[in-house]
Amino acid sequence: MADGYSIPVEMTAIGIAAPGGPEALVAQRRPVPAPGEGEVLIRVAAAGVNRPDVLQRQGKYPPPPGASDIPGLEVSGTIVAAGDGADQLIGQKVCALLAGGGYAEYAVAPAGQCLPVPQGYDMTEAAALPETLFTVWTNLFERAYAAPGDTVLVHGGTSGIGTMAISLCRLFDVSIIVTCGSDDKCAQALDWGATHAVNYKTQDFVAEVKRITDGKGCQAVLDMVGGDYVARNLDCLAEDGRHVSIAVLGGAKAEIFIPQIMQRRLTLTASTLRARSVGFKSLVADELVRTVWPFVAEGRLRPAMDQRFDMADAAKAHARMDSGAHFGKIVLTM
């Protein structure tokens, strides 16, 4: 391991005492992790808070084999040490996608999953980019092939995923319809750049999509709900439309009418990101550097920021997410 900084033996991290509510998050003393071959050690400036962190806290989403049991899937900070093959990165300011370990003063990341933070870009905002950016890009733009001129439907329009989808669609000339749980949230989504926003509590989003598209339907749906939403989502799709599932917050089982899929040539696909290989995530990072990072460097892609909490207040950050009142990303600062 090559290093150019004084690195302590121990650090403060936020662990999960036992599955439960936000109070399960407690400060702990942990050894500073050592980077292996092709990995870097990041002195963390900030860490994004994401829905998978909440599920892990509740005992519903264990980390994949070999990953840290400390929650946190994205960080920003400075590379202070590196394993073989990555020492040229020491000193660089980066944001990184992790499989775990972000709620800590130091975190290890594969070098290929690190993205450079442009000069002058806010490090707290940088910490809020990787998880939602990787997720939306791989699922909406790669698996669902969203292209300029398309119309897409994304549920959870004011979430981290939803607000990132809005930002990317705006940059790539894709019309986006989002669903939200109140008129106020619909207004927030529209202010952020959504083309249309539907209050799913007072409006039938299937009817609204058909109205907005003059009965043609949308080219793609990005779904985090699952359950009975799947069949309704299929009703929203145009011929040859693509449906991508990325979570099942509303239920893990769905009943669908297969002849509809056959007759209209629909595609149903899905993915998870956390357990994918380092090689795959590194390829995605390379693609993001080429296609999206110029917008970051120009300041045209910034995450929607909700609230910032000190790392010691991680429980308050999770309570904020549990409330559903947030708009965009919640971030812990070190």
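This text goes with the structure placed above it.
**With respect to the nonpolar core**
Side chains of nonpolar character tend, in soluble globular proteins, to be buried together.
Moving on, step 1. If you look at the biggest cluster of nonpolar residues, it comprises 48 residues, and the most contacted ones within it are Leu140, Phe141, Val152, Leu168, Val178 and Leu301.
Moving on, step 2. For this core, the element with the highest residue contribution is helix α4 (residues 160-171), accounting for seven residues.
Moving on, step 3. Discounting chain neighbours no more than four positions away, the residues touching phenylalanine 141 are Val136, Ala146, Leu168, Cys169, Phe172 and Val174.
Moving on, step 4. One finds Met11, Val32, Val75 and Met311 within the second-largest nonpolar core, a separate group that totals 37 residues.

**Here we look at the side chain of glutamine 113**
Moving on, step 1. Its place among the elements puts glutamine 113 in the loop between β7 (106-110) and β8 (114-116).
Moving on, step 2. Side-chain polar atoms of glutamine 113 contact the backbone oxygen of leucine 97, separated by 2.7 Å.
Moving on, step 3. Residues in contact with glutamine 113, not counting those within four places in the same chain, are Cys95, Ala96, Leu97, Leu98, Val278, Lys281 and Ser282.

**Topic: the layout of surface pockets**
Moving on, step 1. Approximately 1,200 Å³ is the volume attributed to the largest pocket.
Moving on, step 2. If you trace the largest pocket, you find 47 residues lining it, with Arg51, Ser159, Met224, Ala247 and Leu249 closest to the centre.
Moving on, step 3. Taken together, the elements giving at least two residues each to the lining of the largest pocket come down to α1 (51-57), α3 (130-143), α4, β10 (175-180) and α11 (314-323).
Moving on, step 4. For the lining of the largest pocket, the element with the highest residue contribution is α3, accounting for four residues.
Moving on, step 5. By residue class, the composition of the lining of the largest pocket is 20 nonpolar, 20 polar and seven charged.
Moving on, step 6. As for the second largest pocket, its lining consists of 25 residues, of which Gly66, Ala67, Ser68, Gly100 and Val108 are closest to the centre.
Moving on, step 7. Contributions of two or more residues to the lining of the second largest pocket are made by β3 (25-31), β7 and α9 (278-291).
Moving on, step 8. With five residues, the single largest contributor to the lining of the second largest pocket is β7.
Moving on, step 9. Looking at the lining of the second largest pocket residue by residue, the class counts come to 15 nonpolar, five polar and five charged.

**As for the sheet that holds strand β12 (residues 218-223)**
Moving on, step 1. Overall, parallel pairing links the six strands, which are arranged β11-β10-β9-β12-β13-β14 in an open sheet. The open sheet has two edge strands with one neighbour each: β11 (196-199) and β14 (267-270). Each strand axis lies, on average, 20° off the axis of its neighbour in the sheet, ignoring direction.
Moving on, step 2. Inspection of the sheet shows strand β13 (residues 237-245) paired to β14 by four bridges, in the parallel sense. Considered in β14, the bridge of arginine 242 is made with threonine 267.
Moving on, step 3. The strands touched by α3 within the sheet are β9 (151-154), β12, β13 and β14, with β12 carrying the most contacts at an inclination of about 155°.

**Describing the packing of aromatic side chains**
Moving on, step 1. Under the criterion given, the structure shown has six aromatic pairs.
Moving on, step 2. Ring geometry for tryptophan 137 against phenylalanine 141: centres 5.0 Å apart, planes inclined by 15°, an arrangement best described as stacked. Of this pair, tryptophan 137 and phenylalanine 141 are both found in helix α3, four residues apart, which corresponds to roughly one turn of the helix. For the residue pair tryptophan 137 and phenylalanine 141, the accessibility class agrees, reading buried in each case.
Moving on, step 3. For the ring pair tryptophan 192 and phenylalanine 327, a centre distance of 6.1 Å and an interplane angle of 80° mean the geometry is edge-to-face. With tryptophan 192 in helix α5 (residues 183-192) and phenylalanine 327 in the loop between α11 and β16 (329-333), this residue pair connects regions lying 135 residues apart in the sequence.
Moving on, step 4. Overall, phenylalanine 327 belongs to the buried group, its relative accessible area being 13%.
Moving on, step 5. Connected via pairs of aromatic rings, a cluster forms that spans Trp137, Phe141, Phe172 and Phe295.
Moving on, step 6. Across from the ring centre of phenylalanine 280, 3.6 Å away, lies the NZ or CZ of arginine 276, which sits over that ring.

Analysis parameters
- Residues numbered from 1 in each chain as written.
- Predicted model: local features only at pLDDT ≥ 70, side-chain atom pairs only at ≥ 80, totals over all residues.
- Heavy atoms only, no water.
- Core = buried A, V, L, I, M, F, W, Y, C linked by side-chain atoms within 4.5 Å.
- Buried < 20%, exposed > 50% of the residue type's maximum accessible area, 1.4 Å probe, protein only.
- Helix = DSSP H or I, 4+ residues; strand = E, 2+ residues; numbered from the N terminus.
- Contact = heavy atoms within 4.5 Å.
- Polar contact = N/O pair within 3.5 Å; in protein donor to acceptor, adjacent residues only side chain to side chain.
- 1 Å grid on protein atoms, 1.4 Å probe; cavity = no way out; pocket = protein on both sides within 12 Å on 5 of 7 lines; lining within 4 Å.
- Points joined across faces, edges and corners; volume = space filled by probe spheres on them.
- Nonpolar A, V, L, I, M, F, W, Y, C, P; charged D, E, K, R; others polar.
- Pairing = 2+ DSSP bridges.
- Axes fitted to C-alpha atoms, helices over the stretch in contact; angles between N-to-C directions.
- Phe/Tyr/Trp six-rings, centres within 6.5 Å; stacked < 30°, edge-to-face > 60°.
- Lys NZ or Arg CZ within 6 Å of the ring centre and 35° of its normal.

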